[in-house]
Amino acid sequence: MSETAAPGMDQDVFEAFLDQLTRYVNERLVPAEEDTIEHDRVPPEILAEMRDMGLFGLTTPEEFGGSDLSASQYIATIRVLSRAAPAFRSIMSINTGMFTTALKKGGTREQQAEWLGRSVAGEIACFGLTEPDSGSDAAAMKTRAVRDGDDYILNGTKRYITNAPQASMALIMARTHAEPLPRNQHVSAFLVNMDTPGITVGSADKKMGQKGSQIADIIMEDVRVPASALLGGEEGKGFTAAMQALDSGRLSVGAASLGLAERALETGLRYAHERKAFGQEIINFQLIQAMLADSKAEVYAAECMMKDACAKADTGVRISLEASAFKMFASEMCGRVVDRMVQLHGGAGYLAEYEAERLFRDARIYRIYEGTTQIQQLVIAKQMMRQYAGL
Ligand code: COS
């Protein structure tokens, strides 16, 4: 049997990188959270540092200037980064997750060279799938792309688009057929410069949490792009590209949920050692211990799922079931953990002064974006039915 090299970066080099990143997260990003939240943006000097560290090129092949991490390495990196406020992951993870995945799996070589090169250099990307009238039912999108000579003309509105205000590049999913086609082949994907005439970005939406990460509408009115903008050079591949990108994006949201849950648990454990009630630290009370223990066990379960799903991804097989299962469990788990940590804090848990309150708000979106828990259930069940049918 021939030995195949493990995918990704040399493991020793990767571990040294992860140690360095862990220090950066604790010593630089966590102290920068207040500024990030107050001004609702990642501070420019931190963004520059993140670019210099190569964080925008984590998943890009070396030939295009990236580090070509394996899925296991990349998702481990996202988990570490997600111990700090979510904005730091959000600003780079559309590049390294959905945008890069779609290009790697579906882009032509010319498209990869141009757009992955720009992504590695730290130009910010966004991913335009959701619309005012289509979220979970992604294929029902209304945005149209109509061929006009050597160009396509795009019209439509994309909604809740992470990083839209900062992005210079977008992957926009649009209908190239007015009527639905089997397997959603009416959808195509386009690589679009955000400064193309006809594109307007709405003002950033006010959200429950995740301050520092911005979302907004992208409005397209007669946006003319060259035919070379069509991902893969072929119509009808956009839905598959989006779903493949989401498989990767869901691993990333699972890891973000895990990182946030770990942070919340540390906060709770610390508070339980400091806070006194009935004459002693509350950590001595078994009902407090139960909250911590249940949370720890669930964090551990999510960690095991993450490692297993990523190990499968590293073999190159389709991991829709595992990505959805991990994303669903980890995000729901994170919701339970942050809720318990607020409870453990008592009245203090409801105050903005303690970070348990922010973590509670920040966690809520993980059960919704990149596919709600209910959508993950559908994906998992569909894969189970396929396996049952022997497909
Ligand atoms: N990998 C490769 N190809 C895929 C794929 C994947 N993960 N998922 C779908 N496809 C392709 C396949 O060709 C599939 O046909 P087959 O199943 O016959 O092979 C085709 O796309 C159609 O897929 P499906 O039948 O699953 O499409 P549905 O219209 O039933 O929609 C859901 C599926 C609902 C799961 C999908 O619309 C979805 O994920 N919605 C949520 C969108 C979302 O997460 N939005 C969040 C915002 S984006 S950041």
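Residues numbered from 1 in each chain as written. Predicted model: local features only at pLDDT ≥ 70, side-chain atom pairs only at ≥ 80, totals over all residues. Heavy atoms only, no water.

Q: Where do I start with the overall build of the protein in this structure?
A: Scanning the protein from terminus to terminus reveals 11 helices and 9 strands. A compact globule built from 391 residues would reach a C-alpha radius of gyration of about 21 Å, and the protein, at 21 Å, matches this within 12%. With respect to the three principal axes, the spread of C-alpha positions in the protein is 80 × 55 × 40 Å. With 391 residues in all, the protein has 52% of them scored as buried. (Helix = DSSP H or I, 4+ residues; strand = E, 2+ residues; numbered from the N terminus. Rg over C-alpha atoms; globule rule 2.2 N^0.38 Å. Buried < 20%, exposed > 50% of the residue type's maximum accessible area, 1.4 Å probe, protein only.)

Q: Sorry, what's going on with the site of the ligand here?
A: Near the ligand, the surroundings consist of 23 residues, among which Ser-136, Asp-247, Arg-250, Lys-382 and Arg-386 are the closest. Between Asn-184 and the ligand, the recorded distance is 2.9 Å, taken from a side-chain N or O atom to an oxygen atom. Contacts to the ligand include Arg-250, whose side-chain N or O atom sits 2.9 Å from an oxygen atom. In isolation the ligand has 1,000 Å² of accessible area, and contact with the protein removes 77% of it. (Near = heavy atom within 4 Å. Polar contact = N/O pair within 3.5 Å; in protein donor to acceptor, adjacent residues only side chain to side chain. Areas by Shrake-Rupley, 256 points an atom, 1.4 Å probe, with all protein chains shown as cover.)

Q: What exactly am I supposed to notice about the pairing of strand 1 (residues 125-128) here?
A: Moving residue by residue along a regular strand, the side chains alternate between the two faces of the sheet. Burial along strand 1 is two-sided: the residues Ala-125 and Phe-127 and Cys-126 and Gly-128 are all buried. Of the pairings in the sheet, the one linking strand 1 to strand 4 (residues 169-175) comprises 4 bridges and is parallel in character. Across the sheet, residue Phe-127 finds its bridge partner in strand 4, namely Leu-171. (Pairing = 2+ DSSP bridges.)

Q: What should I look at first to understand the layout of surface pockets in this one?
A: Taken as a whole, the second largest pocket encloses approximately 210 Å³ of empty space. The wall of the second largest pocket is formed by Leu-18, Thr-22, Ser-72, Ala-76, Arg-79, Val-80, Arg-83, Glu-262, Met-306, Lys-307 and Cys-310. Taken together, the elements giving at least two residues each to the lining of the second largest pocket come down to helix 1 (11-29), helix 4 (71-81) and helix 8 (286-314). Counting residues per element, the lining of the second largest pocket draws most heavily on helix 4, which supplies 4 residues. Class assignment for the residues of the lining of the second largest pocket results in 5 nonpolar, 2 polar and 4 charged. Each of two domains, domain 1 (11-123) and domain 3 (240-388), supplies a minimum of three residues to the lining of the second largest pocket. (1 Å grid on protein atoms, 1.4 Å probe; cavity = no way out; pocket = protein on both sides within 12 Å on 5 of 7 lines; lining within 4 Å. Points joined across faces, edges and corners; volume = space filled by probe spheres on them. Nonpolar A, V, L, I, M, F, W, Y, C, P; charged D, E, K, R; others polar. Domains from an automatic or database assignment.)

Q: What exactly am I supposed to notice about the nonpolar core here?
A: A general trend in soluble globular proteins is that nonpolar side chains are found buried together. The biggest cluster of nonpolar side chains holds 87 residues, and the ones touching the most others in it are Met-50, Phe-88, Leu-154, Phe-190, Ile-218 and Leu-344. The dominant element in this core, judged by the number of residues it contributes, is helix 7 (residues 238-274), at 11 residues. Discounting residues that sit within four places of it in the chain, Leu-344 has contacts with Gly-268, Tyr-271, Ala-272, Ile-282, Ile-288, Met-291 and Leu-292. Ile-94, Ala-139, Val-187 and Ala-189 belong to the second largest nonpolar core, which has 26 residues in total. (Core = buried A, V, L, I, M, F, W, Y, C linked by side-chain atoms within 4.5 Å. Contact = heavy atoms within 4.5 Å.)

Q: Is there a simple way to think about helix 4 in this case?
A: A turn of α-helix holds 3.6 residues, and therefore any two residues three or four places apart point the same way. With 9 of its 11 residues buried, helix 4 lies for the most part within the structure. Among all positions in helix 4, only Gln-73, Tyr-74, Ile-75, Ala-76, Thr-77, Ile-78, Arg-79, Val-80 and Leu-81 are buried. Where helix 4 is buried, its residues contact helix 1, helix 5 (87-106), helix 7 and helix 8.

Q: What is the right way to read the pairing of strand 7 (residues 215-226) from this model?
A: Relative to strand 7, strand 3 (residues 151-162) is paired through 9 bridges, and the arrangement is antiparallel. When the bridges of strand 7 are listed, Thr-162 appears paired with Ile-215. The pairing of strand 6 (residues 199-201) with strand 7 spans 3 bridges and is classified as antiparallel. Residue pairing in the sheet places Ile-199 in a bridge with Met-220 of strand 7.

Q: Looking at this structure, I do not really get the packing of helix 9 (residues 320-345) against helix 11 (residues 373-388). What am I missing?
A: Helix packing geometry: the angle between the two helix axes and the distance between the axes. Contact geometry of helix 9 with helix 11 gives a least axis separation of 9 Å together with a crossing angle of 145 degrees. Note that helix 9 runs across helix 11; the crossing there is left-handed. Facing Ser-320, Leu-321, Ser-324, Ala-325, Lys-327, Met-328, Ser-331 and Glu-332 of helix 9, the residues of helix 11 in contact are Thr-373, Gln-376, Gln-377, Val-379, Ile-380, Gln-383, Met-384 and Gln-387. When grouped by side-chain class, the residues that make up the contact of helix 9 with helix 11 number 6 nonpolar, 8 polar and 2 charged. (Axes fitted to C-alpha atoms, helices over the stretch in contact; angles between N-to-C directions. Left-handed = near helix turned anticlockwise from the far one by under 90°.)

Q: Teacher, can you tell me more about a positive patch on the surface here?
A: Taken together, the side chains of Arg-183, Arg-318, Lys-382 and Arg-386 present a region of like positive charge at the surface. The exposure class of Lys-382 is partly exposed, given its relative accessible area of 48%. (Patch = residues over 30% accessible without salt bridge, like charges linked within 9 Å, V, L, I, M, F, W, Y side chains within 5 Å. Salt bridge = Lys/Arg side-chain N within 4 Å of Asp/Glu carboxyl O. Lys, Arg positive; Asp, Glu negative; His and termini not counted. Charge placed at Lys NZ, Arg CZ, Asp CG, Glu CD.)

By themselves, these are just geometric observations and shouldn't be taken as functional.
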